Amino acid sequence: MSKTHHPETTVVHAGREPSKNGGAVNPPVYHASTIIFDTYAEFVQAENGTLDRAAYGRHGTQSNRLLESALAELEGAPKCLLTASGLNAIAITLTALLKPGDHLLMADCVYSPTRFFAEQELKRIGVNVEFYDPRTTKTITDSITDKTKLVYIESPGSLTFEVQDIPAIAKAAHAKGAIVVIDNTWATPLFFKPFENGVDVSIHSATKYIGGHSDLMMGVINTTEKLYPAIKRSYKNFGIACGPDDIYLAQRGLRTLTLRVKAQEKSALEIARWLKKHPAVSRVLHPALPDCPGHEIWQRDYTGSTGLFSFILKKHLSEKQTAAFVEALKLFKMGYSWGGYESLLIPLEAKKIRSAVKWQPEGSGFRIFCGLENIEDLKTDLETALAKI
Ligand SMILES: Cc1ncc(COP(=O)(O)O)c(C=O)c1O
């Protein structure tokens, strides 16, 4: 597609080839394990890795290639790989790029299973894992040493939404020869452009906004040409493939990404501002609000915010009060993940999953995801449940 198109247009047109598929708007689903070689020459190319299509279903079929090309184009990445889940994308990338003795500098506010992967798998094979305080750029850049092989950013942070200065971190990391990887799931490829800001690898849980309907698991690894061979090697060696039906669902989900995310941005902002004024609420952690850590950086580097944020109450709730609050909600359902069409809310507990920064909030916290319901209905739901406490 032409580079002059706006992202909304790319979301609709990239990674589809109607003329090659009998005119069908959406690409067909390729269910395949065995893929036949027409000639011995093709077989030889498959053996030496020069065949320009999949040689075996596990390596990804035409279904993968089309969605990968759409997601690479949308985020401005040279290369893309689809994986079985977001966490799988993270695990493959870190395993591919790190070896025993390397220093991994990781944001303290990463999605907790990312932390567990670093602490329980990477440390075991001799990677030196250090978590950085995501609130101050200088502390982060000062922690990058000659031994640092990789800086892993999640911005805004999971649960607590600290926005980090990615261009500054990338500059400091590259000066020491380190690779920069970001989990860009919150911003989607629409609201933050990692490759224009110095990032080498951008990861998404496509389970969230890209799928958009809470019915698939998938990860995305967007990467530079340089790092692609190493990541592709690990991707192949681990043998974990994503299923063709999930790819089909993600293809469908992608086409409405802009509409969904913009509607959720509007709802989340309105509800965040409303919660901020609520007498029971102490703070709202939303990057687009001026008092959120890193708000100025968000304003400079991001073109939007999405539907996920947190709020902290003025008081700590007992277990019974917490149950009364969450069970009084009728529209905000309790459940992990986010990025679908339905609103969600879960209690926020970060004490046990932070080491560089102590999490000691003044009251109980909750993470909220605004779906596509009517904003007034969502406010009424929250208002009714907050009245119970
Ligand atoms: C920020 C972030 N990254 C990655 C993941 C992992 O994605 P998946 O659930 O697709 O493995 C999640 C899941 O909640 C997440 O919130």
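Residues numbered from 1 in each chain as written. Predicted model: local features only at pLDDT ≥ 70, side-chain atom pairs only at ≥ 80, totals over all residues. Heavy atoms only, no water.

## Points about the site of the ligand
(1) Moving on: The full set close to the ligand counts 15 residues, and Gly86, Asp183, Ser205, Thr207 and Lys208 are the nearest of them.
(2) Moving on: Measuring from an oxygen atom of the ligand, one finds a backbone N or O atom of Leu87 at 2.9 Å.
(3) Moving on: The separation between a nitrogen atom of the ligand and a polar side-chain atom of Asp183 is 2.6 Å.
(4) Moving on: Calculation on the ligand without its partners gives an accessible area of 390 Å², and the protein chains cover 92% of this total.
(5) Moving on: Per element, the largest residue contribution to the shell around the ligand is 3 residues, and it comes from helix α4 (residues 86-97). (Near = heavy atom within 4 Å. Polar contact = N/O pair within 3.5 Å; in protein donor to acceptor, adjacent residues only side chain to side chain. Areas by Shrake-Rupley, 256 points an atom, 1.4 Å probe, with all protein chains shown as cover. Helix = DSSP H or I, 4+ residues; strand = E, 2+ residues; numbered from the N terminus.)

## Concerning the sheet that holds strand β7 (residues 219-223)
Note on sheets: strands pair through backbone hydrogen bonds, and any given pair is parallel or antiparallel.
(1) Moving on: Taken together, the 7 strands give an open sheet; going across it, the order is β1-β7-β6-β5-β4-β2-β3, and neighbouring strands pair in mixed fashion. The sheet is open, and its two edges are formed by β1 (79-83) and β3 (128-132), each paired on a single side. Ignoring which end each strand starts from, the neighbouring axes of this sheet average 20 degrees apart.
(2) Moving on: Judged from the 5 bridges that link them, strand β4 (residues 148-154) and strand β5 (residues 179-183) form a sheet pairing that is parallel. Looking at β5, one finds that Leu150 is bridged to Ile179.
(3) Moving on: The strands touched by helix α9 (residues 228-238) within the sheet are β1, β6 (201-205) and β7, with β1 carrying the most contacts at an inclination of about 15 degrees. (Pairing = 2+ DSSP bridges. Axes fitted to C-alpha atoms, helices over the stretch in contact; angles between N-to-C directions. Contact = heavy atoms within 4.5 Å.)

## Considerations on the sheet that holds strand β9 (residues 308-313)
(1) Moving on: With antiparallel pairing, the 4 strands of this open sheet are ordered in space as β8-β9-β11-β10. Strands with a single pairing partner mark the edges of an open sheet, and in this sheet they are β8 (281-285) and β10 (344-348). When strand polarity is set aside, the average angle formed by the axes of neighbouring strands in this sheet is 25 degrees.
(2) Moving on: Here 4 bridges tie β8 to β9, and the two strands are oriented antiparallel to one another. Among the inter-strand pairings, Arg283 is bridged to a residue of β9, identified as Ile312.

## Some words on unusual backbone geometry
(1) Moving on: Here Ser155 and Pro156 are connected by a cis peptide whose omega angle stands at -10 degrees.
(2) Moving on: Backbone geometry at Phe161 places phi at a positive 60 degrees, although glycine is not the residue there.
(3) Moving on: Take Phe161: it is sitting in the loop between β4 and α7 (166-175).
(4) Moving on: Residue class for Phe161 comes out buried when judged on its relative accessible area of 1%.
(5) Moving on: For Thr188, which is not glycine, the phi torsion reads 60 degrees and is therefore positive.
(6) Moving on: Relative to the helices and strands, Thr188 is located in helix α8 (residues 188-191). (Buried < 20%, exposed > 50% of the residue type's maximum accessible area, 1.4 Å probe, protein only.)

## Concerning the domain arrangement of the chain
(1) Moving on: In terms of domain boundaries, the chain breaks down into domain 1 (13-22 + 62-254) and domain 2 (257-386).
(2) Moving on: Here the C-alpha centroids of domain 1 and domain 2 sit 24 Å apart.
(3) Moving on: Tallying the contact residues gives 43 residues for domain 1 and 42 residues for domain 2.
(4) Moving on: Between domain 1 and domain 2, the buried area comes to about 3,500 Å², and carbon and sulfur atoms account for 63% of it.
(5) Moving on: Of all residues in domain 1, Leu159, Phe191 and Tyr209 give up the largest surface area on contact with domain 2, accounting jointly for 25% of the area buried on that side.
(6) Moving on: Counting the contacts that link domain 1 with domain 2 gives 1 salt bridge.
(7) Moving on: The salt bridge involving Asp165 is made with Arg300; its shortest N-O contact spans 2.7 Å.
(8) Moving on: If you look at where domain 1 meets domain 2, you find 24 residue pairs in polar contact (both at pLDDT 80 or more).
(9) Moving on: Contributions of two or more residues to the side of domain 1 that touches domain 2 are made by α5 (112-122), β3, α7, α8 and α10 (244-254).
(10) Moving on: It is α8 that contributes the most residues to the side of domain 1 that touches domain 2, 4 residues altogether. (Domains from an automatic or database assignment. Buried area = accessible area lost by both parts, 1.4 Å probe. Salt bridge = Lys/Arg side-chain N within 4 Å of Asp/Glu carboxyl O.)

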